[in-house]
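The lines below spell out each chain.
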Amino acid sequence: ITQNGKFVAETPGIYTLTAQSSGFSASKKVKVVPRNVSKRLEVVGHGTISNHNTSDLWVWAGIGKHTGKDFAVTGTHSADGEAYFWDISDPANMVIIDTIKVDARTVNDVKISEDGRVGVISREGASNRKNGLVILDVSDPFNVAIITEYNDNLTGGVHNVFIYEDHIYALSAGTRYDIINISDPANPFRVGSYELDTPGHSIHDVWVENGIAYSSNWSDGVHVVDVGGIKQSEKSRARNKFNPFLALAGQGSPGNPTKLGSREDPNGHNHAAFPFQSESTNKFYIITGDEWAKSVPGSPERIYQGGFHFVDFTDIKNPVETAIYQVPEVGSHNHWVKGDTLFAGYYQGGIRVVDISGELMGNLYAQGREIAFFKGEDPNGSTANITNVWGVIPYKGLIYFADLNNGLWAVRLVDNEPLGTN
């Protein structure tokens, strides 16, 4: 129940609303019905990785002679610096078609340019401590080639990367993101950086859309930065459902990243952020994801906690958290939004698909907004029979996800069968 009297029910039933003022009162009964959004996730395909832990993934469409085919790339965690390239044109029979190995212990992040020609993989734990990034020619995913390495002032390790319009946004030593021009991929050079000046500041991830960068900065929360956005008029923004930060765009560039807004994270767990323009309400949210873990007494195991926070940035000067989606027994990792649906990786909680249509308020999990969940367990995985979902990407009607313990999956939503049928 909000201070201005709005309420949202978590349990179907009859609710009585009462208003009181100056000795007078009035009541009204409201019937709340179930959402009935439940579906199930059906496995379409699975590519097992049994010798290494799997980190992040990216999915893209082939170009040139491979037009009409689809591909994916997955990284490896705490392994030997490998990244695997997959042909997923037949999702039921996805197959590794090439492997790139670099000097690293972990290839944490993998990204492909929008035109499908250039890839980038991050490096951590290199034997020579040159933990930069590696730029790849992926125009022929069957024969991926290393174009060059870029290590300049990135020796502290690159945890996450993003490619946007001939630039790589690369985290450096967990303190900032550097902006690297790759208009000529063989000759990359730094053009800018974005770093906070708060005590003990740190950063985990950055995501770029429409020339606006959204960085996740743990306790400093989410920062919204103009790195080349094209300014839109208020009239055009309303008509085209553009996010309100584009009304301020035009101040920054890759060489001059300019802050447009931010919101601190009072819990200190801001791990990932994804912009969300609600198709049903036209409100603009940034969905911020937690990541934190607690130790299990007497065991090296850690239990991940946290969820996703819906921060309404429609008024960018007064962002307000209006809702949260949090599964009680497990913790969140990476997420993606398509339409009015949230696709979330939930570590041991598997993959979660959530209805985020309409006005968002309160605890979305308790309101029955979860459409489906799935735990991909595999006896032949690097850790047998335990799911540990890392990242999720909806693509061409399917949902692809990487599982730390067992590789790459493709699933799809199907309606639940009526009771009494097989």
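Here the structure is a predicted model, which is why all the values come from computation and not from measurement. (Residues numbered from 1 in each chain as written. Predicted model: local features only at pLDDT ≥ 70, side-chain atom pairs only at ≥ 80, totals over all residues. Heavy atoms only, no water.)

1. What to know about the side chain of Asn243
Within the secondary structure layout, Asn243 lies in the loop between helix H1 (234-240) and strand S19 (258-263). Residue Asn243 is classed as buried on the basis of its relative accessible area of 7%. Within the structure, Asn243 has its side chain in polar contact with the side chain of Tyr214 (distance 3.0 Å). (Helix = DSSP H or I, 4+ residues; strand = E, 2+ residues; numbered from the N terminus. Buried < 20%, exposed > 50% of the residue type's maximum accessible area, 1.4 Å probe, protein only. Polar contact = N/O pair within 3.5 Å; in protein donor to acceptor, adjacent residues only side chain to side chain.)

2. Thoughts on the side chain of Asn334
Looking at where Asn334 falls in the secondary structure, it is placed in the loop between strand S25 (320-325) and strand S26 (335-338). What makes Asn334 buried here is its relative accessible area of 13%. Ignoring sequence-local partners within four residues, the contact set of Asn334 consists of Asp56, His271, Ala272, Phe308, Phe343, Ala344, Gly345, Trp390 and Gly391. (Contact = heavy atoms within 4.5 Å.)

3. Looking at the sheet that holds S26
One open sheet holds the 4 strands; their spatial order is S26-S27-S28-S30, and the pairing between them is antiparallel. Every interior strand has two partners, whereas the edge strands, S26 and strand S30 (370-374), have only one. When strand polarity is set aside, the average angle formed by the axes of neighbouring strands in this sheet is 15 degrees. Two strands pair when backbone bridges link them, and S26 and strand S27 (residues 341-345) are joined in this way by 4 bridges, in the antiparallel orientation. The residue bridging Trp336 from the neighbouring strand is Phe343, located in S27. (Pairing = 2+ DSSP bridges. Axes fitted to C-alpha atoms, helices over the stretch in contact; angles between N-to-C directions.)

4. Considerations on the sheet that holds strand S32 (residues 398-403)
On the basis of which strands lie adjacent, the open sheet formed by 4 strands has the order S3-S33-S32-S31 and antiparallel pairing. In this open sheet, the two edge strands, each paired with only one partner strand, are strand S3 (39-48) and strand S31 (389-395). Within this sheet the neighbouring strands show an average axis-to-axis angle of 25 degrees, counted without direction. With 5 bridges connecting them, S32 and strand S33 (residues 407-415) associate as antiparallel partners. Residue pairing for S33: Ile399 is matched across the bridge by Val411.

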